[in-house]
Structure formats: C-alpha cells, structure tokens
Amino acid sequence: MATRQSLFLINFCKQLNTIVQDRCKDRVISMIRMGYSTVSNIDQTYIPRRTVMYVPGHDPKKLKKIPNLGVDCAVLECEDGVAINMKVQARKNIREALEYLIVKNVDLALRVNSCSSQLMEDDLGAIIGSDIGEPAKVERLPQTILLPKLDHVQELVTFTERLKSVKLNRKYCPYLITYVESTQGLMNMRDIMKQAAKYSEEGIFRMDGVVFGSDDFVADIGADRTSDAKELIYARQKIIAIAKAFRLQVIDMVHVDIEDLEGLKRTSIEGAKMGYTGKQVIHPKQIQTVQEAFTPSPVKVKWAHELIEGFEQHQKSGKGAFVFRGQMIDMPLLRQAKNILRVVENVHRPS
Ligand SMILES: CC(=O)SCCNC(=O)CCNC(=O)[C@H](O)C(C)(C)COP(=O)(O)OP(=O)(O)OC[C@H]1O[C@@H](n2cnc3c(N)ncnc32)[C@H](O)[C@@H]1OP(=O)(O)O
Ligand SMILES: O=CC(=O)O
Ligand SMILES: [Mg+2]
C-alpha cells in the first residue's frame, strides 16, 4: 500500500508534467507562427519594416506616390488618418490603388478601423471582399493587414471571423500586425498573441508584428506627451518583451512633430537600441532618418563580422571568453553580432 509520502510524490510528478507540457505547447505555438521551424530568431528571413508609413486612403494624390517613397511598408490608411465622412471614399480609392500600384520591395499593407468602431467589417468587405464590386485576385490584395486598438481577445475573434468570410474561398493568407494602444490592450497582450498564434497555425493569417500606438496610449492613461517620452517607458519596453517572446517584429511610436528631424533621429535611434525593428512614419520628410536608424551602420557591421571571426578562432583554441576591442566577449555578444548581420541580410535581400 502506498504511503502518504509516495502518494504526495506521485501527485507532485503529475502536476509537474502538466506544467511542463503546457509550457512546451506555448513555446511550440510561438515557434510555428509564420512557418518558422526553429526557436532561435537568428538566421530567420523576414519582411523588413523599418519604416511603416501611413498614406491616407481619401487622398489619391498621396496614394500614387507610394512606389517612389522608398519605405519598407506603405500603409493604405482607413483609420485615424481618414475623417469619418471620408471612410467610404477611402475604401474605394484603396481598392483602385491596389489594382494600379506596382511596387518592388514594399510591403503594401492595409490599416482597417478598429473592431470597437464597428467600421472594420465594412473596410474588409469593401477592400478584401465583394461589397463594392468583383472580388480582387489574391495577388492584388494587401500583403499585410494592420489591426489597431486591439484591446481584447474577443476583438481578434471578431476580426478573424470577418476575414474568413471575405476571403470568398480564395487562398489569401495575409500577414497580420496588431496594435497595443491602451492599458487594456497592454494587459491582455499575452493572451491576444496566444490566440493570434493559434489562428496562424490554422492558416487564417500569419501573425507578424505589433505596433505601439503611443498617441492613443497617452490619451488612454491621461498623460502629457513629452519630448523624451518618459511617460511611455514602461509600455514601450513591455511591448518589446512580449512581442519578442512570440518572435514578432515590433514597431515603435509615431513622431508627430514633422519639422523636428533632430528629435526624430534621437527617438528612432533610441527605439532601435531598445529592440524595436521599425517605426511608424507620417510624412515623406521622416523616411530617410528612420530608415537609417533601423539599418546597422557600416561600422557596426564591421564590428559584428570581426567579432564573429574572433569568436570562432578562440573557440577552436578552447577559449569561451576573450577580449575584443577592450570588451569581454562570449556567447551573448556573439548572438548580438549575429542579430546585426541578420538585419543586414534581410534589408538587402533581393526580392
Ligand atoms: C497616430 C496615428 O495614428 S498616425 C496615422 C494616422 N495619420 C495619418 O495617416 C497622417 C499621414 N500624413 C499625412 O496625411 C500628411 O503628411 C499630413 C496631412 C500630416 C500633411 O500633408 P500635407 O499638407 O500634404 O504635407 P506637405 O504639403 O508638407 O507634403 C509635401 C508633399 O508630400 C506628400 N505627402 C505628405 N504626406 C504624405 C503621406 N503620408 N503619404 C504620401 N505622400 C505624402 C504631399 O502630398 C506633398 O506632395 P506634393 O509636394 O507633390 O504636393
Ligand atoms: O496609431 C497610432 C497611435 O500612436 O495611436
Ligand atoms: Mg492610434
């Protein structure tokens, strides 16, 4: 007959097993997103989105400029950049633009309205579906969809159901990028990402990134927007940590002062150093500064190459740690150097 101690031990082992299995499941879900087959985010290929630029859908003149802007990601904007009484016109213009725009090395994305606005359904119906004409061929649909103000898992469910219904049996599987723009969105981010990973696994969309909607976030917490963004530091950092745990790209806040190129440069470099992979852009003047800040400099690339070479030589001679340019180098620094080269490979990859 089992003693009390052995029964306790058997129970304990059962519980431990369940916890380990759950943890593994989470990890596997985050790995299979986008078809990645490895836990490491080194050596992955991805679509660079150093600049994520909004082009308001109501303005055909701006839409026509997309091929010559020189951005990684051009966002066909339906949300806050478009007035309520111009939403219908914006959807029409965007549908037309998707037919005539020919772009190379640009991720053509669509930002729909939020689920809570109750405009998202019509955006998807008009632009992806057949609400205002024959449904477009898959190759003329936006490669990526941006979903703003995602506060609750249920909103992602609503969006997904609508996306499924407007696909109309076409094999369309867009990348999805969601926004954190409120305290609710921040608090629920982990659960939302888990649900998004499940949908990615089912092939409905490919969860690919998160945007920090800092302007809406400031409004939500009742803060005053300052030039050094101190009021945002907690959210700005937390979003990176959760997004990276799910192996997602993470796009930093908008710099609304269009004339302040110095401030733009400072916050762009800061964002890149914090771990952001790109930044939202609103005006052509901002593109070059942001693009540069999210591209490793030639000096940094040289450092990475030499460090990796030095690391390999020292490994062969049996040394795990060594000194390079006055710094102690070991495995974490090797990973940082590889991260830099991975960015370079992806931003210079021919299409
Ligand atoms: C917090 C958020 O949610 S951010 C996202 C929502 N906001 C937006 O979508 C706004 C995006 N930006 C814009 O709409 C514009 O830049 C504005 C309204 C702020 C200013 O627009 P304009 O008054 O036209 O600016 P400006 O005259 O300086 O523009 C210079 C040129 O760049 C073009 N341009 C400006 N912004 C854009 C843009 N976003 N996309 C494409 N072209 C643009 C203009 O059409 C103009 O072209 P032209 O010289 O051939 O006439
Ligand atoms: O949507 C972007 C934001 O800053 O708000
Ligand atoms: Mg916003």
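Residues numbered from 1 in each chain as written. Chains lettered and ligands numbered in written order. Predicted model: local features only at pLDDT ≥ 70, side-chain atom pairs only at ≥ 80, totals over all residues. Heavy atoms only, no water.

Chemist: Residues and numbers for the state of the cysteines, please.
Modeler: As used in these notes, a disulfide is a covalent bond between sulfur atoms, one from each of two cysteines. Counted according to the given criterion, the structure contains zero disulfides. Here cysteine 78 stays free of any disulfide, with the sulfur of cysteine 115 as its closest cysteine sulfur at 14 Å. (Disulfide = S-S within 2.5 Å.)

Chemist: Break down helix α5 (residues 153–166) for me, citing the residues and quoting the values.
Modeler: The α-helix winds at 3.6 residues per turn, so residues separated by three or four positions along the chain end up facing the same way. The terminal C-alpha atoms of α5 lie 20 Å apart, and with 14 residues this matches the ideal 20 Å at 1.5 Å per residue to within 8%. When we look at burial in α5, the residues that qualify are Glu155, Leu156, Phe159, Thr160, Arg162, Leu163 and Val166. Summarising the axial view, the buried residues of α5 lie within an arc of 165°, below the 170-degree limit, and thus occupy one face. Buried residues in α5 make contact with α4 (120–127), β4 (144–147), β5 (175–180) and α7 (189–201). Downstream of α5 by one or two residues, leucine 168 has phi in the positive range, about 50°. (Helix = DSSP H or I, 4+ residues; strand = E, 2+ residues; numbered from the N terminus. Expected span 1.5 Å × (residues − 1). Buried < 20%, exposed > 50% of the residue type's maximum accessible area, 1.4 Å probe, protein only. Arc of directions from axis to C-beta. Contact = heavy atoms within 4.5 Å.)

Chemist: Tell me about the sheet that holds strand β2 (residues 73–77), and name the residues and values.
Modeler: Strand pairs in the sheet, formed through backbone hydrogen bonds, run parallel or antiparallel to each other. Reading around the barrel, the eight strands line up as β1-β2-β3-β4-β5-β6-β7-β8 and close back on themselves, with parallel pairing between neighbours. Across the sheet, the axes of successive neighbouring strands diverge by a mean angle of 30°, strand direction being ignored. Strand direction decides the pairing type here: strand β1 (residues 51–56) and strand β8 (residues 278–281), joined by three bridges, are parallel. By the bridge assignment for β8, threonine 51 is matched with lysine 279. The sheet strands contacting α7 are β5 and β6 (206–212), and the helix crosses β6 at an angle near 155°. (Pairing = 2+ DSSP bridges. Axes fitted to C-alpha atoms, helices over the stretch in contact; angles between N-to-C directions.)

Chemist: Quick one: what's the story with the layout of surface pockets, residue by residue and with numbers?
Modeler: By volume, the second largest pocket is sized at about 540 Å³. Lining the second largest pocket are 27 residues, and of these Tyr54, Pro56, Glu77, Gly81 and Ile282 sit closest to its centre. Those elements giving two or more residues to the lining of the second largest pocket turn out to be β1, α2 (60–64) and α8 (214–221). Of all the elements, β1 adds the most residues to the lining of the second largest pocket, at four residues. Residue composition of the lining of the second largest pocket, grouped by class: ten nonpolar, five polar and twelve charged. (1 Å grid on protein atoms, 1.4 Å probe; cavity = no way out; pocket = protein on both sides within 12 Å on 5 of 7 lines; lining within 4 Å. Points joined across faces, edges and corners; volume = space filled by probe spheres on them. Nonpolar A, V, L, I, M, F, W, Y, C, P; charged D, E, K, R; others polar.)

Chemist: I'd like a description of the confidence of the model for the protein, backed by residues and values.
Modeler: Averaged over the protein, the pLDDT score is 90; the fraction of residues at 70 or greater is 87%. Across residues 19–40, confidence stays below pLDDT 50; counting only partners more than four residues off in sequence or on other chains, it has 30 contacts. (pLDDT = per-residue confidence, 0-100.)

Chemist: Which residues make up the UniProt feature "domain: HpcH/HpaI aldolase/citrate lyase" (unreviewed entry) in the protein, and what values go with them?
Modeler: Taking the UniProt record as the reference, the feature "domain: HpcH/HpaI aldolase/citrate lyase" (unreviewed entry) is found at residues 50–284. The span residues 50–284 shows a helical share of 40% and a strand share of 17%, and its end C-alpha atoms are spaced 14 Å apart. (UniProt positions renumbered as here; feature names shortened; annotations may be inferred.)

Chemist: Now, about the site of ligand 2: what can you tell me, with residues and values included?
Modeler: Taken together, Arg111, Tyr179, Glu181, Gly213, Ser214, Asp215, Asp216 and Gln280 make up the full set of residues adjacent to ligand 2. Residue arginine 111 places a side-chain N or O atom 3.0 Å away from an oxygen atom belonging to ligand 2. Protein chains bury 92% of the 190 Å² of accessible surface belonging to ligand 2 in isolation. No other element matches α8, which puts three residues into the shell around ligand 2. Looking at the shell around ligand 2 residue by residue, the class counts come to one nonpolar, three polar and four charged. (Near = heavy atom within 4 Å. Polar contact = N/O pair within 3.5 Å; in protein donor to acceptor, adjacent residues only side chain to side chain. Areas by Shrake-Rupley, 256 points an atom, 1.4 Å probe, with all protein chains shown as cover.)

Chemist: Pulling in residues and values, what's your account of the packing of aromatic side chains?
Modeler: Using the criterion set out here, one finds four aromatic pairs in the structure. When the ring of phenylalanine 212 is compared with that of phenylalanine 217, the centres are 5.8 Å apart and the planes differ by 70°; the resulting orientation is edge-to-face. Assessed through its relative accessible area of 0%, phenylalanine 212 is described here as buried. Phenylalanine 217 sits in the buried class, given a relative accessible area of 5%. Three or more aromatic residues joined by ring pairs form one cluster here, namely Phe159, Tyr199 and Phe205. Taking NZ or CZ as reference, arginine 49 lies 5.6 Å from the ring centre of tyrosine 175, over its face. (Phe/Tyr/Trp six-rings, centres within 6.5 Å; stacked < 30°, edge-to-face > 60°. Lys NZ or Arg CZ within 6 Å of the ring centre and 35° of its normal.)

Chemist: Could you give an account of the pattern of salt bridges, with specific residues and numbers?
Modeler: The full count for this structure, using the stated rule, is 19 salt bridges. With its nearest N and O atoms 2.8 Å apart, the salt bridge here joins aspartate 80 to lysine 149. Taken together, the residues aspartate 80 in the loop between β2 and α3 (87–100) and lysine 149 in the loop between β4 and α5 connect sequence positions 69 residues apart. The salt bridge partner of arginine 236 is glutamate 270, with a shortest N-O separation of 2.7 Å. Here the residue arginine 236 occupies a position in helix α9 (residues 233–245), and glutamate 270 occupies one in helix α10 (residues 261–274), the gap between them amounting to 34 residues. Owing to a relative accessible area of 30%, glutamate 270 belongs among the partly exposed residues under this scheme. (Salt bridge = Lys/Arg side-chain N within 4 Å of Asp/Glu carboxyl O.)

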